[in-house]
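Letter by letter, the chains look like this.
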Amino acid sequence: MAPQNEQNKISATVRTEFGKGSARRARREGQVPAVLYGHKTEPRHLLLGALDFAAILRHAGTNALLTLDIEGEEQLALPKQIDVHPLTRIIEHTDLLVVKKGEKVIVEIAVLVTGDAAPGTLVTTDADFIEIEVEATKIPEEFELSIAGVEAGTQFTAADITLPDGAELISDPETLLVNIIEAPTEADLETEEEEAPEGEAAEDAAKAAEEE
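The structure contained in this document is the topic of the report that follows. (Residues numbered from 1 in each chain as written. Predicted model: local features only at pLDDT ≥ 70, side-chain atom pairs only at ≥ 80, totals over all residues. Heavy atoms only, no water.)

1. Some remarks on the sheet that holds strand S9 (residues 129-135)
Working step 1: Reading across the sheet, the four strands line up as S10-S7-S9-S12 and stay open at both edges, with mixed pairing between neighbours. Whereas interior strands pair on both sides, the edge strands pair on one side only; in this sheet they are strand S10 (142-146) and strand S12 (168-169). (Pairing = 2+ DSSP bridges. Helix = DSSP H or I, 4+ residues; strand = E, 2+ residues; numbered from the N terminus.)

Structure, rendered in structure tokens:
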């Protein structure tokens, strides 16, 4: 749950050519087309180094706070949307949101479940992220939720996550993250298998009745 302690600096150049053709050329040259907007400023079209940008995302995640060096001008920004090619996994485009120092932003943070629940339990995950409002310089990379030794009948909700100082939970506090129940026994599974044909027969009979 460690916050991003260092700002990820990346060089950016102002994009002067537009259109699909120029975007393809930029990607072939190892650059990612980007649009920087927010705080009632005019959108700025930029190019980022693809390798540097990908390295930052791998290290700090998609909520990485960037320090853009736009031809000598520094600007804090947060990735708002990242378009990745489904086959090549190349970053094709990104939208960046202008951020001011001390400003709070709303972000989705992944919840990583760790540990093993008590023997004889079954763990189901309903949600793997929560939404919080937090200062842009203190965005956690992820939250860890330990279920080590937890007994059946236990549920964890968004309210159970410990947030950084000054952060506020935006998700519904009752959002179910993890549910721990008793694992079904062999007898339970056999009973389900025996009841299944009867259930199917009842459905077939109901359909037949409707058709008549």
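Okay, back to it.
2. Points about helix H2 (residues 50-60)
Working step 1: Looking only at H2, the buried set comprises Phe53, Ala54, Ile56, Leu57 and Ala60. Each buried residue of H2 sits inside an arc of 160° when the element is viewed along its axis, so together they form one side. Relative to its buried face, H2 has exposed residues pointing more than 90 degrees away, namely Leu51, Arg58 and His59.
Working step 2: Tucked inside the fold, the buried residues of H2 contact strand S1 (8-14), strand S2 (31-38), strand S3 (41-49), strand S4 (66-70), strand S5 (73-84) and strand S6 (91-98).
Working step 3: Following H2 by one or two positions, Gly61 adopts a phi angle in the positive range, close to 85°. (Buried < 20%, exposed > 50% of the residue type's maximum accessible area, 1.4 Å probe, protein only. Arc of directions from axis to C-beta. Contact = heavy atoms within 4.5 Å.)

3. Concerning the pattern of salt bridges
Pairs can form between side chains of opposite charge once their charged atoms are near each other.
Working step 1: Taken as a whole and judged by the stated rule, the model has three salt bridges.
Working step 2: The salt bridge involving Glu17 is made with Arg25; its shortest N-O contact spans 3.2 Å.
Working step 3: Taking the relative accessible area as the measure of exposure, Arg25 reaches 37% and is therefore partly exposed.
Working step 4: Between Glu73 and Arg44 there is a salt bridge; the shortest N-O distance is 3.3 Å. Residue Glu73 is found in strand S5, and its partner Arg44 is found in strand S3; the two are separated by 29 residues along the sequence.
Working step 5: Residue class for Glu73 comes out partly exposed when judged on its relative accessible area of 36%. (Salt bridge = Lys/Arg side-chain N within 4 Å of Asp/Glu carboxyl O.)

4. Topic: the sheet that holds strand S11 (residues 154-157)
Working step 1: Strand order in the open sheet formed by three strands is S8-S13-S11, and the pairing between neighbours is antiparallel. Strands with a single pairing partner mark the edges of an open sheet, and in this sheet they are strand S8 (121-125) and S11. Looking at each pair of strands side by side, their axes are set apart by 15° on average, direction ignored.
Working step 2: Here S11 pairs with strand S13 (residues 176-182) via four bridges, running antiparallel. Across the sheet, the residue bridging to Thr154 is Ile180, located in S13. (Axes fitted to C-alpha atoms, helices over the stretch in contact; angles between N-to-C directions.)

5. Digging into the nonpolar core
Working step 1: Grouped together as the largest cluster of nonpolar side chains are 26 residues, with contacts concentrated most on Val107, Ile130 and Leu177.
Working step 2: At the level of elements, S5, strand S7 (104-114), S9, S10 and S13 are the ones that each hand at least two residues to this core.
Working step 3: Apart from residues no more than four positions distant in its own chain, Val107 is found in contact with Asn63, Leu78, Ile130, Glu131, Ile132, Val134 and Ile139.
Working step 4: In this structure, Ile10, Leu46, Leu57 and Leu66 belong to the second largest nonpolar core, which totals 20 residues. (Core = buried A, V, L, I, M, F, W, Y, C linked by side-chain atoms within 4.5 Å.)

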